[in-house]
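Each chain is listed here by its residues.
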Amino acid sequence: MTAEAAAKTIMGGLKEAGIDLIATLPDVNLSDLLREVEEAPGILHVPLCREEEGIGVCAGAYLVGKKCAAIIQNGGFFNSSNAIIST
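Remember, it's a predicted structure, so these values are computed and weren't measured experimentally. (Residues numbered from 1 in each chain as written. Predicted model: local features only at pLDDT ≥ 70, side-chain atom pairs only at ≥ 80, totals over all residues. Heavy atoms only, no water.)

As a further point, take helix H2 (residues 31-39). Looking only at H2, the buried set comprises Leu 33, Leu 34, Glu 36 and Val 37. Buried residues along H2 cover an arc of 155° about the axis, so they all sit on one side. Along H2, exposed side chains directed more than 90 degrees from the buried face belong to Glu 38 and Glu 39. (Buried < 20%, exposed > 50% of the residue type's maximum accessible area, 1.4 Å probe, protein only. Helix = DSSP H or I, 4+ residues; strand = E, 2+ residues; numbered from the N terminus. Arc of directions from axis to C-beta.)

On to the pattern of salt bridges, then. Going through the model one piece at a time under the given rule, you end up with three salt bridges. The partner of Glu 36 in a salt bridge is Lys 8, and the shortest N-O contact between them spans 2.9 Å. Pair noted here: Glu 36 is in helix H2 and Lys 8 is in helix H1 (residues 3-16), with a separation of 28 residues, a long-range link. A salt bridge links Arg 50 to Glu 52, with the nearest nitrogen and oxygen atoms 2.5 Å apart. Glu 52 sits in the partly exposed class, given a relative accessible area of 23%. (Salt bridge = Lys/Arg side-chain N within 4 Å of Asp/Glu carboxyl O.)

Before going further, it helps to spend a moment on the pairing of strand E3 (residues 68-71). What you see with E3 is a clean split: Ala 69 and Ile 71 sit on the buried side and Cys 68 and Ala 70 on the side with no burial. Relative to E3, strand E1 (residues 21-24) is paired through four bridges, and the arrangement is parallel. The residue of E3 that forms the bridge with Thr 24 is Ile 71. (Pairing = 2+ DSSP bridges.)

The subject of this paragraph is a nonpolar patch on the surface. Taken together, the side chains of Tyr 62, Leu 63 and Val 64 define a hydrophobic patch exposed on the protein surface, amounting to about 420 Å² of accessible area. Mapping Val 64 onto the fold places it in the loop between helix H3 (51-63) and E3. Judged by its relative accessible area of 67%, Val 64 falls in the exposed class. (Patch = residues over 30% accessible without salt bridge, like charges linked within 9 Å, V, L, I, M, F, W, Y side chains within 5 Å. Areas by Shrake-Rupley, 256 points an atom, 1.4 Å probe, with all protein chains shown as cover.)

This next bit is on the nonpolar core. Ranked by size, the top nonpolar core spans 12 residues in total: Ala 7, Met 11, Leu 14, Ile 19, Ile 22, Leu 33, Leu 34, Val 37, Ala 40, Ile 43, Ala 69 and Ile 71. Those elements that place two or more of their residues in this core are H1, H2 and E3. The residues contacting Ile 43, other than those within four sequence positions of it, are Met 11, Lys 15, Ile 19, Asp 20, Leu 21 and Ile 22. Core analysis: the next-biggest nonpolar cluster, separate from the first, contains six residues, Leu 21, Ala 23, Leu 25 and Leu 48 among them. (Core = buried A, V, L, I, M, F, W, Y, C linked by side-chain atoms within 4.5 Å. Contact = heavy atoms within 4.5 Å.)

Take a look at the structure:
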């Protein structure tokens, strides 16, 4: 499966799950997926500077009724662990 096909598959799953806000961190390895997110109608894309910002953005958006996802690298998940625990 190509990166472009994988990005379309992931985006399809996010839409099917009802996700309407996606927070992302720039990453060359995820460029195809990030392009799909940016171009998706009906989905609010929130670019981030740091992984832990995504936890706060998604938590706040959830509190006002949004269904959220954060797209970050696996190392970024470790970086955001303090934000996850304290939230």
